[in-house]
Amino acid sequence: MDLKFGSSRKYVSISIPSKSQAMSPHIKSVEDVLVLGINLSKFNKATQFFICVSGVFLFYLIYGYLQELIFSVEGFKPFGWYLTLVQFGFYSIFGLIELQLIQDKRRRIPGKTYMIIAFLTVGTMGLSNTSLGYLNYPTQVIFKCCKLIPVMIGGVFIQGKRYNIADVSAAMCMSLGLIWFTLADSTVAPNFNFTGVVLISLALCADAVIGNVQEKAMKLHNASNSEMVLYSYSIGFLYILLGLTCTNGLTPAVTFCSKHPVQTYGYAFLFSLTGYFGISFVLALIKIFGALLAVTVTTGRKAMTIVLSFLFFAKPFTFQYVWSGLLVLLGIFLNVYSRNMDKIRLPSVCSLWNKRMEERKTRTLSQTV
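This one's a predicted model, so the numbers in the text were calculated from it and none came from an experiment. (Residues numbered from 1 in each chain as written. Predicted model: local features only at pLDDT ≥ 70, side-chain atom pairs only at ≥ 80, totals over all residues. Heavy atoms only, no water.)

**Brief notes about the overall build of the chain**
Here is step 1 of the chain: Each helix and strand in the chain was counted, giving 14 helices and four strands.
Here is step 2 of the chain: Going through the 369 residues of the chain one by one, you find that 41% of them count as buried.
Here is step 3 of the chain: A separation of at least 24 residues holds for 81% of the contacts in the chain among residues at least 6 apart in sequence.
Here is step 4 of the chain: Of the roughly 21,400 Å² that the chain leaves accessible, carbon and sulfur atoms contribute 66%. (Helix = DSSP H or I, 4+ residues; strand = E, 2+ residues; numbered from the N terminus. Buried < 20%, exposed > 50% of the residue type's maximum accessible area, 1.4 Å probe, protein only. Contact = heavy atoms within 4.5 Å. Areas by Shrake-Rupley, 256 points an atom, 1.4 Å probe, with all protein chains shown as cover.)

Here it is in structure tokens:
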């Protein structure tokens, strides 16, 4: 229906679309949460939570196991960047397939933004994979738990932010836990190399930036997850391919992997597939239950990954790993508490003391009676 009120100078037009006109799929599916083609919105909250947590633990535990399994292949450790190249290639294919399943295939985010996101993604995943050539897998996971530290440092020096005592305490716990864990690793691990610490630290810095850039771009342009995956990883694939070609690192990696196709390409395919599925469940968990619960679940998953790493792969062990890991977990809890003080209300010392005194008075009165 079209209504127009005109004069010689101006007119007002009011248009009402007919029922046959389809809305954009981005608008139609605002309330729907699709994971691997399954609409979780049809289930109740308890079932949704069970599905999401099961997916996160299942796929990411397999992901971590396969990642460490690939680097346990004798002679593969120098080819971390080539593994990242293969992983980016698979992610691009998965993103393209998923994008074909939705109706709106338009690219919404500008190409320049994708070039920045791709560069940060390359830094995050490439440096993280390469660091496994120098560090034990548990040490790498512990470092990845401590993204808060570079975020806070950048906030202080770049944006002039001020943090509360809970955030500062969280950063201190994480820093002490990292130092203790690294010292333990350097003591008991025969192949410890400080280069790995530098690489994983740089990966953390890139990871701290990329989350904000991705979130801002997706909200500003209303882009889908599949679009973000397709373009950021395909551009990142070209970055890594150019870098390996210029540094003559492509030929040795291809030669080595061609001699061990199952242990390299086969494991890399499963490694990429489980990682792709895992992030889908994490995003669904955030969308349905919020970041607080998602952080709690992923932290538990990382702790389980470290335990399984010691069970399935032979490596030196010391109880310093346990105490330093608990310090890092305490830092993560303080960080989550700081972000959700209105939802998590911890009792103060005074309230605990008053409650104790009231209980004693009640007990004394009952005995007197």
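**Considerations on unusual backbone geometry**
Here is step 1 of the chain: You will see that Asn248, though not glycine, has its phi angle at about 60 degrees, which is positive.
Here is step 2 of the chain: In this structure, Asn248 sits in the loop between helix 9 (225-246) and helix 10 (250-259).
Here is step 3 of the chain: We classify Asn248 as exposed; its relative accessible area is 61%.

**Quick look at the nonpolar core**
Here is step 1 of the chain: In terms of nonpolar packing, the biggest core is built from 65 residues, with Phe76, Tyr82, Leu83, Tyr91 and Cys146 touching the most fellow members.
Here is step 2 of the chain: Every residue in contact with Tyr82, bar those within four places of it in the chain, is listed here: Leu244, Leu250, Ala253, Val254, Cys257 and Tyr265.
Here is step 3 of the chain: In terms of nonpolar packing, the next biggest core, distinct from the first, is built from eight residues, Ile109, Tyr114, Leu120 and Ala223 among them. (Core = buried A, V, L, I, M, F, W, Y, C linked by side-chain atoms within 4.5 Å.)

**Some words on helix 5 (residues 137-144)**
Here is step 1 of the chain: Most of helix 5 is tucked away, with seven of its eight residues classed as buried.
Here is step 2 of the chain: Every buried residue of helix 5 is listed here: Tyr137, Pro138, Thr139, Gln140, Val141, Ile142 and Phe143.

**Here's the deal with the environment of Trp180**
Here is step 1 of the chain: Assignment of secondary structure puts Trp180 in helix 7 (residues 165-188).
Here is step 2 of the chain: Considered as a pair, Trp180 and Trp323 are 143 residues apart in the sequence and their alpha carbons are 8.5 Å apart.
Here is step 3 of the chain: Trp180 has contacts with Gln320, Trp323, Ser324 and Leu327, leaving out every residue within four places of it along the chain.

**Looking at the packing of aromatic side chains**
Here is step 1 of the chain: Considering all chains together, one arrives at 17 aromatic pairs under this definition.
Here is step 2 of the chain: Taking 5.3 Å as the distance between ring centres and 70 degrees as the angle between the ring planes, the aromatic pair formed by Phe90 and Phe269 counts as edge-to-face. Of the two residues, Phe90 sits in helix 3 (residues 80-100) while Phe269 sits in helix 11 (residues 261-289), which places them 179 residues apart along the sequence.
Here is step 3 of the chain: Ring pairs connect the aromatic residues Phe88, Phe90, Tyr91, Phe94, Tyr233, Phe269 and Tyr276, which therefore count as one cluster.
Here is step 4 of the chain: Lying across the ring of Tyr231, Arg107 places its NZ or CZ 5.9 Å from the centre. (Phe/Tyr/Trp six-rings, centres within 6.5 Å; stacked < 30°, edge-to-face > 60°. Lys NZ or Arg CZ within 6 Å of the ring centre and 35° of its normal.)

**Concerning empty space enclosed by the protein**
Here is step 1 of the chain: In the structure shown here, the tally under the stated rule is one cavity of 30 Å³ or more.
Here is step 2 of the chain: Reported here for the largest cavity is a volume of approximately 40 Å³.
Here is step 3 of the chain: Looking at the largest cavity, the residues that line it are Ile70, Phe76, Tyr82, Leu83, Val86, Cys257, Thr264, Tyr265 and Ala268.
Here is step 4 of the chain: Contributions of two or more residues to the lining of the largest cavity are made by helix 3 and helix 11. (1 Å grid on protein atoms, 1.4 Å probe; cavity = no way out; pocket = protein on both sides within 12 Å on 5 of 7 lines; lining within 4 Å. Points joined across faces, edges and corners; volume = space filled by probe spheres on them.)

**A few points about the environment of Val229**
Here is step 1 of the chain: Looking at where Val229 falls in the secondary structure, it is placed in helix 9.
Here is step 2 of the chain: Judged by its relative accessible area of 16%, Val229 is buried.
Here is step 3 of the chain: Sequence spacing of Val229 and Leu99 is 130 residues, and the spatial spacing of their C-alpha atoms is 9.4 Å.
Here is step 4 of the chain: Those residues in contact with Val229, other than ones at most four positions away along the chain, are Tyr91, Gly95, Ser234 and Tyr276.

**Let's talk about the packing of helix 2 (residues 45-71) against helix 3**
Here is step 1 of the chain: Relative orientation of the contacting elements helix 2 and helix 3 amounts to 140 degrees, with a least axis distance of 11 Å. When the interaxial angle is binned, helix 2 and helix 3 end up oblique. Crossing geometry of helix 2 relative to helix 3 is assigned as right-handed. Where helix 2 abuts helix 3, its residues Tyr63, Ile70 and Phe71 lie against Gly80, Leu83, Gln87 and Tyr91.
Here is step 2 of the chain: The residue inventory of the contact of helix 2 with helix 3, partitioned by class, reads five nonpolar, two polar and no charged. (Axes fitted to C-alpha atoms, helices over the stretch in contact; angles between N-to-C directions. Parallel < 35°, antiparallel > 145°, perpendicular 65-115°, else oblique. Left-handed = near helix turned anticlockwise from the far one by under 90°. Nonpolar A, V, L, I, M, F, W, Y, C, P; charged D, E, K, R; others polar.)

**Quick word on a nonpolar patch on the surface**
Here is step 1 of the chain: A cluster of nonpolar side chains, Tyr65, Met304, Val307, Leu311 and Phe312, forms an exposed patch at the surface whose accessible area comes to about 510 Å².
Here is step 2 of the chain: Sort the elements by how many residues they give to the nonpolar patch and helix 12 (residues 291-312) lands first, with four residues.
Here is step 3 of the chain: Relative to the assigned elements, Met304 resides in helix 12.
Here is step 4 of the chain: A relative accessible area of 36% means that Met304 is categorised as partly exposed. (Patch = residues over 30% accessible without salt bridge, like charges linked within 9 Å, V, L, I, M, F, W, Y side chains within 5 Å. Salt bridge = Lys/Arg side-chain N within 4 Å of Asp/Glu carboxyl O.)

**Re the confidence of the model for the chain**
Here is step 1 of the chain: Counting all residues, the mean pLDDT for the chain is 75, and 71% of those residues have values of 70 or more.
Here is step 2 of the chain: Note that residues 1-8 has pLDDT below 50 and, in this model, 15 contacts with residues that lie over four places away or in other chains. (pLDDT = per-residue confidence, 0-100.)

**Section: the side chain of Thr84**
Here is step 1 of the chain: The residue Thr84 is located in helix 3 in this model.
Here is step 2 of the chain: Separated by 2.9 Å, the side chain of Thr84 and the backbone oxygen of Gly80 make a polar contact.
Here is step 3 of the chain: Engagement of the side chain of Thr84 in a polar contact is seen with the side chain of Asn129, the distance being 3.0 Å.
Here is step 4 of the chain: If we skip the residues at most four places from it in the chain, Thr84 touches Met125, Gly126, Asn129 and Ile240. (Polar contact = N/O pair within 3.5 Å; in protein donor to acceptor, adjacent residues only side chain to side chain.)

**Observations regarding the side chain of Ser232**
Here is step 1 of the chain: By the element assignment, Ser232 lies in helix 9.
Here is step 2 of the chain: Accessibility expressed as a relative area gives 1% for Ser232, which makes it buried.
Here is step 3 of the chain: With sequence-adjacent residues up to four places away left out, Ser232 is seen in contact with Tyr114, Ile117 and Ala118.

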